[in-house]
Amino acid sequence: MGSLDSAAGSGSYKRAAAPAPVPRAPAGGGGAARRPGVRSRLARFVLVDKVDFLQWIGTAAAFFLVTILVYTFLPGSVVVENPTMRLPSRRASGGWGRGGTEAVLPRGLGGLENGEGLTFEPTRLRDKWARERSQDAQSVAELGRPVKRVGARKPRLALVFGDLSPDAMQLQMISVASVLEAMGYEMKVFSFEDGPCSSIWSTIGIPVEILPVDTKLLTSMDWLDYDGMLVNSIEARPVFSSLLQEPFKSVPVIWTVHETSLAHCIREYKSSGMTQILGGWQEVFSRANVIVFPNYILPVMYAAFDSGNYFVIPGSPAPAFQADRFIAKNYDKDVRISLSLGPRDFVIAMVGSQFSYDGLLMEEALVLQAVGPLLQQYPSENSTQTELKVRILTGNQTDKHRIALEAIALNVGFSRGAVEHVAVEDTDNLLAIANLVIYCSCLDEQSFPSVLVEAMILEKLVIAPDLGMITKYIDDGINGLLFPRKNIAMLSQVLLQVVSNGELSDLGKNIASVGKARAKDLMASEAIEGYAVLLENVIKFPSETLTPLTAGEIPLPLKQEWKWHLFEDVKHLYNVNESLADCKMLKKMDWHRNRKNDPHSITPKIDETFSAIAWKEERANRIMSAKMKLEEEYLKERSDQPRGTWEEVYRNVKRVDRMKNELHERDEKELERTGQPLCIYEPFYGEGTWPFLHQSSLYRGIGLSSKGRRFGADDIDASSRLPLLNSGYYRDILGEFGAFFALANRIDRIHKNSWIGFQSWRVTARKANLSKNAESAMLEAIQTQKHGDAFYFWVRMDQDPRNHANQDFWSLCDAINAGNCRLAVLEAFQRMYGLQLDGDLNSLPRMPNDGDTWSVMQSWVMPTRSFLEFVMFSRMFVDALDAQMYDKHHQTGHCILSLHRDKHCYSGVLELIVNVWAFHSARRMVYVNPETGAMQEQHPLEGRRGQMSIQWFSYATLKSMDEDLAEEADADHPDRRWLWPQTGEVVWQGLYERERTMRQQEKERRKQQTKDKIQRMKKRARQKTIGRYIKPPSDDAGRLNDTRTDS
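Read on for an overview of the structure. None of the values given here were measured: they were computed from a predicted structure.

1. Re the side chain of Asp-879
Mapped onto the fold, Asp-879 is located in helix α31 (residues 864–892). Polar side-chain contacts of Asp-879 include one of 3.2 Å to the backbone nitrogen of Trp-980. Residues in contact with Asp-879, not counting those within four places in the same chain, are Trp-978, Leu-979 and Trp-980.

2. Re the packing of helix α30 (residues 821–833) against α31
One way to put it is that α30 packs onto α31 with a least axis distance of 9 Å and a crossing angle of 110°. The orientation of α30 with respect to α31, classified from their angle, is roughly perpendicular. The element α30 and its partner α31 pack so that their crossing is right-handed. Contacts between α30 and α31 involve Ala-824, Val-825, Glu-827, Ala-828, Phe-829, Arg-831, Met-832 and Tyr-833 from the former and Phe-873, Met-876, Phe-877, Ala-880, Leu-881, Ala-883, Gln-884 and Met-885 from the latter. Residues of the contact of α30 with α31, tallied by class, amount to 13 nonpolar, one polar and two charged.

3. Side note on the sheet that holds strand β10 (residues 310–312)
Judged by pairing direction, the sheet is parallel, and its seven strands sit side by side in the order β6-β5-β4-β7-β8-β9-β10 without closing on themselves. With one partner strand each, in any of the chains shown, β6 (208–210) and β10 form the two edges of the open sheet. Across the sheet, the mean angle separating the axes of adjacent strands is 25° when strand polarity is ignored. Judged from the four bridges that link them, strand β7 (residues 228–232) and strand β8 (residues 253–256) form a sheet pairing that is parallel. By the bridge assignment for β8, Met-229 is matched with Val-253.

4. Some remarks on the nonpolar core
Within the largest apolar cluster, 106 residues are counted, with the highest numbers of intra-cluster contacts made by Tyr-792, Trp-860, Phe-867, Phe-873 and Phe-877. With twelve residues, the single largest contributor to this core is α31. Among residues more than four places away in sequence, those in contact with Phe-873 are Phe-829, Met-832, Tyr-833, Ile-913, Trp-917, Phe-953 and Leu-958. Grouped together as the second largest cluster of nonpolar side chains are 84 residues, Trp-129, Ile-200, Ala-349 and Val-422 included.

5. Some details on the state of the cysteines
A covalent bond between the sulfur atoms of two cysteines is what we call a disulfide. By the definition in use, this model includes two disulfides. Residue pairing for Cys-813: its cysteine sulfur links by disulfide to Cys-821, the two sulfurs lying 1.8 Å apart. Between Cys-813 and Cys-821 the disulfide shows an S-S torsion of about 70°. By sign, it is right-handed. By the burial criterion, Cys-813 is buried, and Cys-821 matches it. The residue that forms a disulfide with Cys-895 is Cys-905, at a sulfur-sulfur distance of 1.7 Å. Where Cys-895 bonds to Cys-905 through sulfur, the torsion about that S-S bond is close to 115°, and the disulfide is right-handed. Placement of the pair is Cys-895 in the loop between α31 and α32 (907–920) and Cys-905 in the loop between α31 and α32, with a sequence separation of ten residues.

Reading the values: the criteria
Residues numbered from 1 in each chain as written. Predicted model: local features only at pLDDT ≥ 70, side-chain atom pairs only at ≥ 80, totals over all residues. Heavy atoms only, no water. Helix = DSSP H or I, 4+ residues; strand = E, 2+ residues; numbered from the N terminus. Polar contact = N/O pair within 3.5 Å; in protein donor to acceptor, adjacent residues only side chain to side chain. Contact = heavy atoms within 4.5 Å. Axes fitted to C-alpha atoms, helices over the stretch in contact; angles between N-to-C directions. Parallel < 35°, antiparallel > 145°, perpendicular 65-115°, else oblique. Left-handed = near helix turned anticlockwise from the far one by under 90°. Nonpolar A, V, L, I, M, F, W, Y, C, P; charged D, E, K, R; others polar. Pairing = 2+ DSSP bridges. Core = buried A, V, L, I, M, F, W, Y, C linked by side-chain atoms within 4.5 Å. Buried < 20%, exposed > 50% of the residue type's maximum accessible area, 1.4 Å probe, protein only. Disulfide = S-S within 2.5 Å.

Here's what the structure looks like:
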């Protein structure tokens, strides 16, 4: 049970209006009004009459004894120590453990009294939806041009489950999916484990796919194919491993959480210091656009993970599913023994709110007092006949609460042991053997109590106060009985009507029977309609989707009941122990490593001991290695090292730089790629695309961002080759064209093959990529020049999921661009060529509907020379689109090519524009079957005569336009914001001449420097000789001149 004494709420919990207070039992003999004359008589007695000292002592002792008894036993006089449970915070925090994720209830609210309540209101979500609708309407109005939905396909939803075992969640989602399908949605089910419900999904026409999960928990599925996702249960957690990565972060996700197992582990994780585990769950809960709970207690339990995205859709078949499962067990005798009940005892079950609050004991006491008159229908406790027993369902029971209630029961007239508490774990057992159920809580909540639903399914007579959330589903005297919450004493009269001679009357049995018939599908309509409304607010459907029905347009018969008939054959396979299933699920995940489940096993303790020892040794070894490495570095710095001459140092540094720049060219794939005529590049952005990228030498990845690149792969960093892609705005809006521009920028430095191709990773995700046979056939056609300067493609427009109606080229372009594709292309051509077409759409280049098809999804191959010509055209076309739409799109996020905010505004136009260039530049267009490699030319050149606008797409025209733009950018240096110079090289004839002049000037300068150096050397002043040097004679020469004398 949670406590409402401690916190404020996720969407925020607010105090509800308090009804009139429930009358309390008198707490003493005194009345509310003071009677006249009492004070005067007491004064005369004290002051005039002589009172003995012993009489004063006895009177005082009696007074204190009565006071203690009243304080201990009377209803409402006991201070109950309620356990605290935190409610979701009003303010979302950035992560767990930073503060703000939990907040206690303000003191002004205090403890809730009888009839008061807190209401959960998802104010942040509702304000966000209202703000988005207002901004969308305002921005679309400011565009100045109408945008429209041209429905070409149904909206697509992905339903993700942990497994397909038959349970209440499967029943609920099958019922919801059946209604959504009737509303116009197209769905597909994904699961990490197969199960019996797979056949049920196939029966209602929804395909099922089992997801493979690799070691990195990245699912190989393109979630961008779906307009939204409905993730169900905690067990589907692995799917978020890809949803947390680009490019899937923008996919709308609605996550339904119905388990309590993770909530029970939160406190254990905190006490154990498992901040990494909690941080991972916090990140996952924050990723979902909306977290849906089936009741109002779960947002309280998951308050630690609240980020302001909690939402409650009350209503679930779980209580009915639980009751059906319990009925199948059929062991009433064993249950009665476990609850200390006789086989003929008449049992009244008292149930209440899941929240604990002030006044709970008082309500139980008043209900017991109302049940008291029934004791006259039962003999004494020594009799062997039927006895009246009361069992109170409670979750948080203190000793004071138990002692006080026992005293109250004895005071009412119950025998000792006739009134006892029952733990929440025995809810099913208690409801199964009870003769009638009384809802004793007067706390005004927002949804019908699930415990009453289960009781009604078990065909038990339900008696409850006339609260708003109860009277909505219980008609007094029809499927249940009501008593006024302002006068609980009336409950006695209600009980006497349905209990006679110690047994439940025929009236009570009939009411219970009607209640069972209605309870099985209770709140089904609200739950199904709640999901429909949620989809309307969360998902922004693109312009090519058909508009589904709204929640108000759902036919009433479709949403009135759950699809019970589909589960008749598999219902017996329902997992008996749901809590054990939850624990088993958590153990499967890498984060749940608790080995304390078997207290009798010593293996976990031994493993933990050796693990601790190993980690200590490993840490000591690492510290020693670090110290030795640090000492070696110090010694190396102090020792003398031969540096060589400056020329040798310079040459070594240059050699290292060259090796560093060419390091990525040294692998085997690059060597294989050098000898091939073709290289196909796969643009990607984010780790979510990694499972769809090829590893062979024919393919090479090109990352649009420096982040999210594959480790050890020979990928190209497009942002380093084109600095424009460092801007997130242009990286998103250009998409694959960013990779085109980056490769074309000084292409000879990175691409040395005669042919070039591109393939979208989304084609691989759809399994429409080239097979080995198709690759071989294309390489053979390229080497033999079978089609010459051709444009090969392998993804057909007529087989695209967005083109169910097989529309022509411009119609499909309008459908995926809010009906404004032709207008945007026409204005772009006007800016490019300087034409005045006055909005005449017939002036657009013709794209005939001759039975052939076109290319989609940027998967094609062409000669490198033709690719550079296409990039030349594309740079000018993209610049014209940017000049047309940048201001409004950059400010508001809206453009005329989308119904809603879209950071990929004109990606739909860019996807198809290659067909316009290839058709009107007289390229052969050849379709390659991706499976067999068979080739078929589309729109043959012979049939294009008179339909092509070659004068606008010829190389000479595009080259002259490119040089004019380059001259303007190079010579004039305009101050206006201009995209074209940032998309590639700026080259024109004047630039060549200027470079040649600069080289000539540099050459002349070096020559002049040489001449000046020689002249300085010649004119350099030389020092004159100081004197002539005469070599002195040697000693031998002096001896030769001496006169010898003989003695």
